[in-house]
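Results of the structural survey
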Amino acid sequence: MVGIIKEIYNYRDLIKELISKNLKLKYRRSVLGYLWSLLNPLGIMLVMVIVFSNIFRFDIEYYPVYLIIGQTMFNYMSVATSHSMYSVIENGPLIKKIFVPKYIFTFSKVTSDLVDYLLSMSAIVLVMIITKVPFSWNLLWVPIVSLELYIFCIGLGLLLAQASVFFRDIQYIYSVIITAWTYLTPIFYPDKILPEWLHFWVVRFNPMFMYIKSMRQCVIEQTHPDFKLMLVGLLFDILAIGIGGLLFKKNQSKFILYI
Amino acid sequence: MIEFSKYNGEEYIIDIENATVRFNMATESVDNIKEYFVKLVKRQLMFKEFFAIKDFSLKIKPGEAWGFVGTNGAGKSTLLKLISGILEPYKGKVVVNGTIAPLIELGAGFDMDLTARENIYLNGILLGHSKKFMSEHFDEIVEFAELWDFLDVPIKNYSSGMQARIAFAIATMVKPDILIVDEVLAVGDYKFQAKCQERMKAMLAEGTTLLLVSHNLDDIKRMCDHACWIDKGNIVMSGLVEEVCNNYMPELGENNE
């Protein structure tokens, strides 16, 4: 573990360059550029607030903030992991010609999407101001909760990146999984409305539930996040990094034969 | 097993001992789950192995210049990939004591969507230079590649010759302990080839170890002092350049007839 952190530090220039490459390619030829990261979650939140305050009515305090938090965090997970799925294949031309630790590519993908996530955070602040959510010292928990989410995404990203090298069609399966996962995560509804048997599974085994709920606690309820929730989130981090990291490490010498 | 370390006065800069590179031709052509299950049901997932390099041993001393000859598919590129750490040996041992600048096949690790300027930075950093260092030497690279006018054009619009120029300029900007040149120069024009050979000569004089793959035996004779003739993943002959080339030449003639 210490060895890997040291290696990441040694490759910091490469990681920075890969991140700026990802961002450049993403926003090149788009007029509003980085502003999209802010406007996109705002727009989606607006649509969903209109839909859900008129069609289904949930009795949730500060619903726009409730919604945009779930939306932003889930979206980050889904985008970052889908991007990392291609991180190894996409950099095939580089991997074929120069020796580089291959997880660097997955790591920089998840990290460059984090830039988007942070920009979306300013959209959340904007909505907080508009809907008059009080600011409290508990907001200091936001980076810690975000870190938990980030680490989870790296672990899952590594798992998907190595699997997609051998099985390219995993992307189709994953998009189905993501759809199911979206509805199984209380993003736009309160977890209480889930039927009891489903509620049992979601609050125990859906890591996204842990991260989103912790975030809502420190932003909307202005308390510290439930420590039990944070601990379970951390366990999912360890699980994701453990499984993803081990499989990636085990299979990475074979990548070259498949890309 | 493959080991990399800094050069510390070892006798051999590259030491390959009984290395074997194995490909599994049956499963490596399957890259999706659907096909995997179809083949699993049809029982076609048998092991069909192919040895690109077989029980290969070679020791190279610092400062030597080795030319590799052999027909297409003989295993030359696989060998160079093995030395650069891109491929891992299935069996045997590879020890490399020094920094490597690999120029393997065309493109040398460029991202086609990025501009030449961005690729120069990315590629230099991939080779282990810092960003600051690249800024300092940027003009030098462009100067050598003679591409001042097209720096902000995506590299996919470049000809293969132009790409080779940039790749060579980046790789040889700093003196690496080992320079690997795998046919990349074949696409350059005559003038640029001469310029590259001149630079390689200068680097050899400073003690760089050169590994060169070329189908032009004159180039090999001009640049190298040793040569290795490879066929079907094995050494047919290795030693001084004149000797190997003189033995390889008649073989070429036979194949042409």
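Everything numeric here is computed off the predicted structure, so don't read it as measured data. In every chain, residue numbers begin from 1 and rise along the written sequence. Key to labels: chains lettered from A, ligands numbered from 1, both in the order written. For this predicted model, a pLDDT threshold of at least 70 governs which residues receive local features, and a threshold of 80 or more governs which side-chain atom pairs are given and counted, while totals over whole chains, interfaces and linings are taken from all residues. With hydrogens and water stripped out, all remaining heavy atoms of the structure feed into the side-chain values.

1. Points about the overall build of chain B
Counted only if it meets this: Helix and strand definitions here come from DSSP, where helices need a minimum of 4 consecutive H or I residues and strands a minimum of 2 consecutive E residues; each element is numbered from the N-terminal end. Any two residues whose heavy atoms approach within 4.5 Å at even a single point are treated as in contact. All accessible areas in this document rest on Shrake-Rupley with a 1.4 Å probe, and a residue is counted as covered only by the protein chains that are shown. Note that His is not counted, nor are the chain ends; the positive residues are Lys and Arg, and the negative ones are Asp and Glu. Where a charge lies is defined by one atom per residue type, namely NZ (Lys), CZ (Arg), CG (Asp) and CD (Glu).
Summing up its helical and strand segments, chain B has 8 helices and 10 strands in all. Seen through its C-alpha atoms, chain B measures out along the principal axes to roughly 55 × 50 × 45 Å. If you take every contact in chain B between residues at least 6 apart in sequence, the share linking residues at least 24 apart comes to 72%. Accessible surface, chain B: about 12,100 Å² in total, of which carbon and sulfur atoms supply 51%. Of the charged side chains in chain B, 27 are positive and 38 negative; the average position of the first set lies 6 Å away from that of the second.

2. Describing the layout of surface pockets
Defined as follows: Any residue with an atom within 4 Å of a point lines the site, the site being either a cavity, points on a 1 Å grid over the protein atoms alone where a 1.4 Å probe fits but cannot get out, or a pocket, an open set with protein on both sides within 12 Å along at least 5 of 7 lines. Grid points are joined across faces, edges and corners, and a volume is the space filled by probe spheres set on the points. Note on residue categories: nonpolar means Ala, Val, Leu, Ile, Met, Phe, Trp, Tyr, Cys or Pro, charged means Asp, Glu, Lys or Arg, and polar means any other residue, Gly included.
Quantified by volume, the largest pocket comes out at close to 900 Å³. If you go around the largest pocket, you meet 27 residues; those closest to its centre are Tyr-11 of chain A together with Thr-99, Leu-126, Leu-127 and Gly-128 of chain B. Elements that contribute at least two residues to the lining of the largest pocket include exactly helix 2 (12-27) of chain A together with strand 1 (2-5), strand 6 (100-104) and helix 3 (116-126) of chain B. Residue classes in the lining of the largest pocket are distributed as 15 nonpolar, 8 polar and 4 charged. Its volume calculated, the second largest pocket comes out at about 780 Å³. What lines the second largest pocket is a set of 28 residues, among which Ile-4, Ile-8, Tyr-103, Leu-158 and Gly-245 of chain A lie closest to the centre. Among the secondary structure elements, those contributing two or more residues to the lining of the second largest pocket are helix 1 (2-10), helix 7 (103-130), helix 8 (142-166) and helix 12 (227-258) of chain A. Here the element with the most residues in the lining of the second largest pocket is helix 12 of chain A; it accounts for 9 residues. Taken together, the residues of the lining of the second largest pocket sort by class into 19 nonpolar, 5 polar and 4 charged.

3. Examining helix 10 (residues 196-205) of chain A
Residue and element names in this part refer to chain A. So the rule is basically this: Buried means the residue's accessible area, taken with a 1.4 Å probe over protein chains only, is under 20% of the maximum for its type, while exposed means over 50%, and partly exposed covers the values in between. Think of it as the arc spanned by the lines of direction from the helix axis to the C-beta atoms.
Regarding helix 10, the residues found buried are Leu-198, Val-202 and Val-203. All buried residues of helix 10 lie within an arc of 115 degrees about the axis, which places them on one face of the element. Exposed and oriented more than 90 degrees from the buried face of helix 10 are Glu-196 and Trp-197. Packing partners of the buried residues in helix 10 comprise helix 11 (207-219).

4. A short note on the interface of chain A and chain B
Note the following rule: Here the quantity called buried area is the total loss of accessible area, with a 1.4 Å probe, experienced by two parts when brought into contact, counted for both. Any Lys or Arg side-chain nitrogen found within 4 Å of a carboxyl oxygen on Asp or Glu counts as a salt bridge. Identification of polar contacts relies on pairs of N or O atoms within 3.5 Å, with a donor-acceptor requirement for protein atoms, meaning one able to donate a hydrogen and the other able to accept it, and with residues adjacent in sequence counted only if both atoms are side-chain atoms.
Contacts between the two partners involve 26 residues from chain A and, on the opposite side, 36 residues from chain B. When the two sides are added together, the surface that chain A and chain B hide from each other amounts to roughly 2,700 Å², 65% of it contributed by carbon and sulfur. Ranking the residues of chain A by area buried against chain B places Glu-17, Lys-97 and Ile-98 of chain A at the top, with a combined share of 24%. Along the contact surface separating chain A from chain B lie 3 salt bridges. In this structure, Lys-24 of chain A and Glu-118 of chain B form a salt bridge, with 3.6 Å as the shortest nitrogen-oxygen distance. Seen at the junction of chain A and chain B, the total is 3 residue pairs in polar contact (both at pLDDT 80 or more). Those elements that place two or more of their residues in the side of chain A that touches chain B are helix 2, helix 6 (92-95), helix 9 (170-183) and helix 12 of chain A. The leading source of residues in the side of chain A that touches chain B is helix 2 of chain A, at 7 residues. The residue makeup of the side of chain A that touches chain B, split by class, is 16 nonpolar, 1 polar and 9 charged.

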